Amino acid sequence: LTAMEVCYRLGDELLHIGRLEAAESYFVQARKLAPGSPLPYEGLGLLASRRGQPDKAVSLLRQAMQLGPLNFLAHYTYAREKYLLAAGGPTVHPLEREAAAEIRTELQKALALMADFGPAHHLLGFFEMVQGEDLPGAEKQIERAVQLEPENQSYLLSLAQVQLARRDPAAARRTLEPLRLPYVQPEVRAHAEEMLKALKAGT
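Note that the coordinates shown come from a computational prediction; the quantities given were computed from them, not determined experimentally.

Enquirer: Talk me through the packing of helix 6 (residues 97-113) against helix 7 (residues 118-131); I want residue IDs and the actual numbers.
Expert: The interhelical angle for the contact between helix 6 and helix 7, taken along N-to-C directions, is 155°, at an axis separation of 10 Å. In terms of orientation, helix 6 and helix 7 fall into the roughly antiparallel class. Handedness of the helix 6/helix 7 crossing: left-handed. Within the contact between the two elements, helix 6 uses Ala100, Ile103, Arg104, Leu107 and Leu111 and helix 7 uses Ala120, His121, Leu123, Leu124, Phe127, Glu128 and Gln131. Here the contact of helix 6 with helix 7 is composed, by residue class, of 8 nonpolar, 2 polar and 2 charged.

Printed below as a string of structure tokens:
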């Protein structure tokens, strides 16, 4: 490994265990050693995302893209942060064609590099559900996320949402019922209860 790669990998390890300040120092050192490499910008972009700085994350990851190939997590993070910025708030709405195409492409790149990455399947499915152009495809993506990470109960909420969007309330009800059990995370259980009440009121 070169000195830059050593700094990058140390920073990456520190980022994964939550030592953000130490990770940043190694990423900055890596950038000084090799300003033309995408790796330091990738690391700094992932760090910015971890800190809840979507603007900075998108900017740094875009710089990394311009310098060379990225790993699957960088493509996914770029798409996620870009989507957060494009959505512009808690109310989710369809994006304009150009912005939507970029996010879709980055998620597809992430999955091409790591086909079994559940969060990318979930985000792509949720994104396609909101766009409303390919609801069967959206359902398929979220179902895959559920298969890959059955312990992630929030994925079932998204699956129920896309089933409702596809006008299949019976399927949504079957998806939501297990989320009423006592072991389910309280916030997920509460959301499921709300959706089931709305389903009952609509029948």
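Additional details are given in the paragraphs that follow.
Enquirer: Lay out the pattern of salt bridges with the relevant residues and their values.
Expert: Tallied over the full model, the rule gives 11 salt bridges. Among the salt bridges present, the one from Arg80 reaches Glu81, with a minimum N-O distance of 3.2 Å. A relative accessible area of 27% places Arg80 in the partly exposed class. Among the ionic pairs, Arg180 bridges to Glu177, the shortest N-O distance being 3.4 Å. If you follow the salt bridges from partner to partner, you end up with Glu21, Glu24 and Arg51 in one network.

Enquirer: Quick rundown of the side chain of Glu106? Include the residues and the values.
Expert: With respect to the element layout, Glu106 can be found in helix 6. A polar contact is formed between the side chain of Glu106 and the side chain of His75, at a distance of 2.6 Å.

The rules behind each value
- Residues numbered from 1 in each chain as written.
- Predicted model: local features only at pLDDT ≥ 70, side-chain atom pairs only at ≥ 80, totals over all residues.
- Heavy atoms only, no water.
- Axes fitted to C-alpha atoms, helices over the stretch in contact; angles between N-to-C directions.
- Helix = DSSP H or I, 4+ residues; strand = E, 2+ residues; numbered from the N terminus.
- Parallel < 35°, antiparallel > 145°, perpendicular 65-115°, else oblique.
- Left-handed = near helix turned anticlockwise from the far one by under 90°.
- Contact = heavy atoms within 4.5 Å.
- Nonpolar A, V, L, I, M, F, W, Y, C, P; charged D, E, K, R; others polar.
- Salt bridge = Lys/Arg side-chain N within 4 Å of Asp/Glu carboxyl O.
- Buried < 20%, exposed > 50% of the residue type's maximum accessible area, 1.4 Å probe, protein only.
- Polar contact = N/O pair within 3.5 Å; in protein donor to acceptor, adjacent residues only side chain to side chain.

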